[in-house]
Amino acid sequence: MIEIIPAIDLINGQCVRLSQGDFDSKKVYSSNPLEVAKQFEEAGIKRLHIVDLDGAKSGKICNLPVLETIASNTSLMIDMGGGIRSNDDVAALLNAGAAFVSVGSIAYKQPIMFKEWLNTFGADKFLLGADVKDEKIAVHGWLENTDYSVYDFINEHLSNGIKQVFCTDIATDGMLKGPSIYLYKKLLERFPSIHLIASGGVSSIEDVKQLDAIGCHGVIIGKAIYEGKIAMHELTELITTSSC
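Residues numbered from 1 in each chain as written. Predicted model: local features only at pLDDT ≥ 70, side-chain atom pairs only at ≥ 80, totals over all residues. Heavy atoms only, no water.

Visitor: What's the story with the packing of helix α8 (residues 181-190) against helix α9 (residues 205-214) in this structure? I'm lost.
Guide: When two helices pack together, their arrangement is given by the angle between their axes and by how far apart the axes lie. At a minimum axis distance of 10 Å, the contact between α8 and α9 shows a crossing angle of 20 degrees. Overall, the two elements α8 and α9 adopt an arrangement that is roughly parallel. The element α8 and its partner α9 pack so that their crossing is right-handed. For the pair formed by α8 and α9, the contact residues are Ile 181, Tyr 184, Lys 185 and Leu 188 on the first element and Gln 210, Leu 211 and Ile 214 on the second. Here the contact of α8 with α9 is built from residues that sort into 5 nonpolar, 1 polar and 1 charged. (Axes fitted to C-alpha atoms, helices over the stretch in contact; angles between N-to-C directions. Helix = DSSP H or I, 4+ residues; strand = E, 2+ residues; numbered from the N terminus. Parallel < 35°, antiparallel > 145°, perpendicular 65-115°, else oblique. Left-handed = near helix turned anticlockwise from the far one by under 90°. Contact = heavy atoms within 4.5 Å. Nonpolar A, V, L, I, M, F, W, Y, C, P; charged D, E, K, R; others polar.)

Visitor: Even after reading the chapter, I still don't get the pairing of strand β11 (residues 195-199), so can you show me in this structure?
Guide: Side-chain direction in a regular strand flips from residue to residue, so the side chains alternate between the two faces of the sheet. Burial analysis of β11 places 4 of its 5 residues in the buried class, which makes it a mostly covered element. Bridge count between strand β10 (residues 164-169) and β11: 5 bridges; the pairing is parallel. In the sheet register, Gln 164 faces β11, and the bridge partner there is His 195. Relative to strand β12 (residues 218-221), β11 is paired through 3 bridges, and the arrangement is parallel. Looking across to β12, one finds that Ala 198 is bridged to Val 219. Tracing the backbone out of β11, into α9 and back to the parallel element β12 gives a crossover that is right-handed. (Buried < 20%, exposed > 50% of the residue type's maximum accessible area, 1.4 Å probe, protein only. Pairing = 2+ DSSP bridges. Right-handed = clockwise from strand over helix to strand, strands pointing away.)

Visitor: Explanation requested: the side chain of Arg 17 in the structure shown.
Guide: Assignment of secondary structure puts Arg 17 in strand β2 (residues 14-19). A distance of 2.6 Å separates the side chain of Arg 17 from the side chain of Asp 9, its partner in a polar contact. (Polar contact = N/O pair within 3.5 Å; in protein donor to acceptor, adjacent residues only side chain to side chain.)

Visitor: Which parts of the structure should I look at to understand the packing of helix α1 (residues 33-42) against helix α3 (residues 64-73)?
Guide: Axis separation between α1 and α3 bottoms out at 10 Å; the angle between their running directions is 35 degrees. Between α1 and α3 lies a crossing of right-handed hand. Residue-level contacts link Pro 33, Leu 34, Ala 37 and Lys 38 of α1 to Val 66, Thr 69, Ile 70 and Asn 73 of α3. Considered class by class, the residues forming the contact of α1 with α3 number 5 nonpolar, 2 polar and 1 charged.

In structure tokens:
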């Protein structure tokens, strides 16, 4: 059964959501990310996706204390990304309680350095992020588009030991209009061995079931939860049903 992975996006230590990566579209949902994380844990969620939006924009990790607080006060398996630029940054996230480090832009911009991280810390400690626009990679919080195919990007890093990939279609993220089923189908056909995590556009529990049906390993859900499109009890029911 597909793994439910709620998202907490951070700006100034607050839980926010953007639409299509636009910082001007910021909406604050909570000033207490720990409280939000505990609600997810109480619903039966096992895993959490944290994005340091300040870090992604500035190029340095800015919300490490939030990770430390959530990791030390819940049993959630956490991945976190945003602003990671060095070995020390990776170590800081892992030491603060992250189970996985999410990396996107650096894997594209500096693939040699990223490969060194994989060799140093182990490929199983990383979650590769592929932000996509028209099947091409976008980087730096989606502020920069490239001509690099998402298929070539994933293939390059699979050869370096990456197993987990989350893919976000910029056109759908934060829009609550449904996920990019066609894109995910193509990725799963091309790379049947990867643990593909869908991200962006999820607007209902039916979207989650559809992603499960095509073979996605996990789904990152943000705005649909915060806007009440998917109720917490629906997630609990889905998790309970899948564990039976």
